[in-house]
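The primary structure of each chain is shown beneath.
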Amino acid sequence: MRFKKVVAAIGMLAMATGAFGGSATAGRAHEPLKGKGSGLKLIANIPWDGGTDMEFRTIHGRDYAFAGSEASALKGGGMHVIDVTDPEHPRQVAWLKCSLVQNDIQISYDNKTLIMAADSPGGQDSCLALGKLGFMTVDIRDPLHPKPIGFATIPRGSHNTTAMPNKPYVYNSDSDLTKVGEFQIWSIANPAKPKLVNTVPVRDGLSPHDMSFNKDGTLMVSASINHMDIWNTSDPENPTLLYTGQCPGCSITHDAKFTPDGKHIIVGDEGGGGGTYPCPGGALYFYNVEGTKDQPVPVLVGAYEPQEFAKTDNGPGGCTAHVFSISNDGTKVAISWYTAGTRYLDVSSMTGPSVGPNTAAGVKELGWYEPVGGSTWSSKFFKGPYIYSDDEHRGFDVYKILGAGPQQ
């Protein structure tokens with residue numbers, strides 16, 4: 001996500017903490033289902049401003065997207081719940097009008113608690129985050145009526161949070177660029193009262209920008225702008241550092257994720273920090289995880305940039321790798337590229353069983369789409385041949401993959 005903002009989000013209207021179903025902003029028309037691309041078809045839109053992150057869950061037999069916006073509540077800010085059980089006809093079923101900046105979204109392992117991150121003090125429409133930095137916990141057991149229930153106050157703020165995949169812990173990334181690096185570990189065993197259990201110093205580097213766990217939660221990889229680390233998190237309250245390094249050519253190590261089998265790591269470089277930046281922007285880097293579990297050694301096997309374009313029709317603006325997701329079989333990536341829209345990639349040659357440093361096939365772009373007026377913040381898979389995006393200018397877009405989609 002973009003560099004940490006240092007100005008407060010100014011609330012434009014004091015809002016109740018209830019949810020609202022229907023259009024994202026009163027009277028606003030859907031954004032046009034138009035643009036240019038190949039391999040992807042834009043099929044639906046639900047409009048709001050300031051789109052950021054999103055997560056997906058199946059709850060009580062229905063599929064939901066939980067999508068964030070950092071705009072004021074008047075312009076669609078807060079957290080939107082979208083029923084995507086029928087992906088081609090998505091329907092907003094709730095809107096929590098609690099506007100936070102930058103509003104990274106995470107969901108607990110038990111699907112009961114949603115976490116909304118704030119790295120600037122909340123304004124009048126920020127609900128429990130009024131005047132605070134940190135993260136807010138939201139009860140989503142009834143997705144149609146999300147309810148703010150708690151707040152973790154963090155003086156250095158919460159740029160991104162990461163929920164453990166199998167335990168009630170949240171790791172906090174402040175993405176601080178001015179102080180000695182650290183990250184915090186919070187227990188949400190009682191989500192109404194998050195409890196700080198440890199603050200972990202990051203030696204010789206900046207705080208994490210984002211963190212991701214492997215499938216069983218025993219390893220964590222952090223992207224910390226000027227370096228990346230691998231941590232043993234078998235004891236979630238007391239992680240130990242196993243590896244530190246940096247991807248060659250990375251200007252801002254923004255996001256790093258394990259593939260589902262844990263044998264590879266994909267790292268994104270957010271060139272320019274989300275500001276004006278020429279295409280193709282920062283690259284994706286692909287690593288094999290070699291060595292042992294106690295001494296992992298990431299080995300670089302390739303990189304990817306979408307070289308076929310020099311500029312976009314949506315500029316000037318950021319044009320660089322941003323929030324991405326990996327298919328369950330580890331062979332595909334959906335990634336947002338700001339003004340260059342959403343890219344759909346076959347990365348099987350980089351994440352297969354016999355990947356070496358001289359891999360010839362490289363990454364294959366299966367599809368891409370630049371929507372009219374868009375600047376895409378996050379692009380993610382969820383069930384079937386679809387990619388969903390949360391866009392800074394357009395809100396929630398749904399793309400259908402033309403041809404065989406990923407195995408989700």
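Calculation rules
Sequence order as written defines residue numbering, which begins from 1 separately in each chain. Under the rules for a predicted model, residues below a pLDDT of 70 receive no local features and side-chain atom pairs below 80 are neither given nor counted, while totals for whole chains, interfaces and linings still include all residues. Just so you know, side-chain values use all the structure's heavy atoms and leave hydrogens and water out. Buried residues of nine kinds, namely Ala, Val, Leu, Ile, Met, Phe, Trp, Tyr and Cys, make up a nonpolar core once their side-chain atoms join them within 4.5 Å. Only protein chains enter the accessibility calculation, which uses a 1.4 Å probe; a residue is then buried when its area is under 20% of its type maximum, exposed when over 50%, and partly exposed in between. Think of it this way: any DSSP run of H or I at least four residues long counts as a helix, any run of E at least two long counts as a strand, and we number them from the N terminus. A contact between two residues is defined here by any heavy atoms of the two lying within 4.5 Å. For this analysis, a salt bridge means a side-chain nitrogen from Lys or Arg found within 4 Å of a carboxyl oxygen belonging to Asp or Glu.

**Comments concerning the nonpolar core**
Here is step 1 of the chain: Within the largest apolar cluster, 21 residues are counted, with the highest numbers of intra-cluster contacts made by Phe66, Met79, Leu114, Met116 and Met136.
Here is step 2 of the chain: Those elements that place two or more of their residues in this core are strand 4 (62-69), strand 5 (78-83), strand 6 (91-96), strand 7 (102-107), strand 8 (113-118) and strand 9 (134-139).
Here is step 3 of the chain: Judged by nonpolar contacts, the second largest core, of 18 residues, contains Phe324, Ile326, Ile335 and Leu345.

**Points about the environment of leucine 40**
Here is step 1 of the chain: Looking at where leucine 40 falls in the secondary structure, it is placed in strand 2 (residues 40-46).
Here is step 2 of the chain: For leucine 40, a relative accessible area of 4% corresponds to the buried category.
Here is step 3 of the chain: Along the backbone, leucine 40 and arginine 343 are 303 residues apart, and their C-alpha atoms lie at a distance of 8.9 Å.
Here is step 4 of the chain: Once residues lying within four places of it in the same chain are set aside, the contact partners of leucine 40 are Thr342, Tyr344, Gly367, Trp368, Tyr369, Ile387, Tyr399, Lys400, Ile401 and Leu402.

**Digging into the pattern of salt bridges**
Here is step 1 of the chain: Taken as a whole and judged by the stated rule, the model has 17 salt bridges.
Here is step 2 of the chain: Its salt-bridge partner being arginine 156, residue aspartate 176 comes within 3.2 Å of it at the nearest N-O pair. Here the residue aspartate 176 occupies a position in the loop between strand 12 (169-173) and strand 13 (182-187), and arginine 156 occupies one in the loop between strand 10 (147-153) and strand 11 (160-163), the gap between them amounting to 20 residues.
Here is step 3 of the chain: Among the residues examined, aspartate 176 registers a relative accessible area of 8% and is labelled buried.
Here is step 4 of the chain: For aspartate 216, the salt bridge is made with lysine 293, and the minimal N-O distance between the two is 3.9 Å.

By themselves, these figures tell us nothing about what the structure is for.
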